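Letter by letter, the chains look like this.
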Amino acid sequence: MTETAAPVLNYIPYEDFLRSVRSLSRVLAADAWKPDFIIGIGRGGLVPAVYISHELQVPMLSIDHSSKVPGFADELLRKVADKSASGTRLLFVDDINDSGGTIVYIRNLLADNGCTPENLRFAVLMDNCRSKARVDYAAEQLDRAEDKRWFVFPWEAVMTAETLAEEAQAVPERLS
């Protein structure tokens, strides 16, 4: 069995996080497309979604996809798909679009439940240009083929370095 190399933990200072959120909020505010709801994707998208919701003064909903409990978020996603079909515009927010797995899962489930694509957008703080999913808005671009750092957002900084390394090593394809 091969041991995965220790990840390079890149702690994002609060000021940088805030700058990214404000930058993303400015882009969203300038766009002609306006969301009726901001939807934070749990766990990493919840904090940025709260900030964007406050800055844009748009109500926020949350969906926990990170729990990895099969079907847990699906009922709520079906409900927001119904909202979209009735004309409600939904902006999903996450911290990072890394592999694209979360966004692909959410998009597919929404589409399978009648979501209207014109009423759906995705925004992230960091977007991997090599992700299998594209987003509509991003504060920052990165290329995972070249940038292997494990980003530690301010709300994750309370975790121990050992726990962060374990989480990073659980997805070795992002590190090597």
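Counting from 1, residues in each chain are numbered in the order their sequence is written. Selection of residues for local features in this predicted model requires a pLDDT of at least 70, selection of side-chain atom pairs for listing and counting requires 80 or more, and totals for whole chains, interfaces and linings are taken over all residues. Side-chain metrics rest on all non-hydrogen atoms present in the structure, leaving aside hydrogens and water.

## Quick look at the pairing of strand β4 (residues 90-97)
Which entries qualify depends on this criterion: Between buried and exposed lies partly exposed: a residue is buried under 20% and exposed over 50% of the maximum accessible area for its type, with that area taken using a 1.4 Å probe on protein chains only. Numbering of helices and strands runs from the N terminus, with a helix taken as a DSSP run of H or I at least four residues long and a strand as a DSSP run of E at least two residues long. Whether two strands pair comes down to DSSP finding at least two bridges between them. Seen with the strands pointing away from the viewer, any crossover whose path from the first strand over the helix to the second strand runs clockwise is right-handed.
Among the eight residues in β4, eight count as buried, and that is most of the element. Bridging between strand β2 (residues 37-42) and β4 involves four bridges; their strand directions are parallel. Bridge assignment links I38 to a residue of β4, and that residue is L91. One ladder, built from seven bridges, connects β4 with strand β5 (residues 120-128); its direction is parallel. Within β5, the position partnered with I96 by the bridge is M126. Once the chain exits β4 it traverses helix α4 (residues 101-112) before rejoining the sheet at β5, and the crossover so formed is right-handed.

## Description of the packing of helix α1 (residues 14-30) against helix α2 (residues 46-56)
Under the convention used in this document: For every element, the axis is a line fit to its C-alpha atoms; helices are fit only across the contacting stretch, and the angle between N-to-C directions ranges from 0 to 180 degrees. By the definition adopted for this analysis, an angle is roughly parallel if under 35 degrees, roughly antiparallel if over 145, roughly perpendicular if from 65 to 115, and oblique otherwise. In this scheme the handedness of a crossing depends on how the near helix is turned from the far one: anticlockwise by less than a right angle means left-handed, clockwise means right-handed. The contact criterion used is simple: two residues touch if any of their non-hydrogen atoms lie within 4.5 Å.
The interhelical angle for the contact between α1 and α2, taken along N-to-C directions, is 50 degrees, at an axis separation of 10 Å. The orientation of α1 with respect to α2, classified from their angle, is oblique. The handedness of the crossing between α1 and α2 is right-handed. Packed against α1, whose contacting residues are Y14, F17, L18, V21, R22, L24, S25, L28 and A29, the element α2 presents V47, P48, Y51, I52, E55 and L56 at the interface.

## A short note on the packing of aromatic side chains
Selection criterion: In summary, the pairing rule links any two rings of Phe, Tyr or Trp, Trp by its six-membered ring, whose centres are within 6.5 Å, and it sorts them by plane angle into stacked for under 30 degrees, edge-to-face for over 60 and tilted for everything else.
Summed over all chains, the structure comprises five aromatic pairs. Centre to centre, the rings of F17 and Y51 are 5.1 Å apart; their planes meet at 80 degrees, and the pair counts as edge-to-face. Here F17, found in helix α1, pairs with Y51, found in helix α2; they are 34 residues apart in sequence, far enough to count as distant. With a centroid separation of 5.3 Å and 75 degrees between ring planes, the pair formed by F17 and W155 is classed as edge-to-face. Residue F17 is located in helix α1, and its partner W155 is located in the loop between β7 (150-152) and α5 (161-169); the two are separated by 138 residues in the primary sequence.

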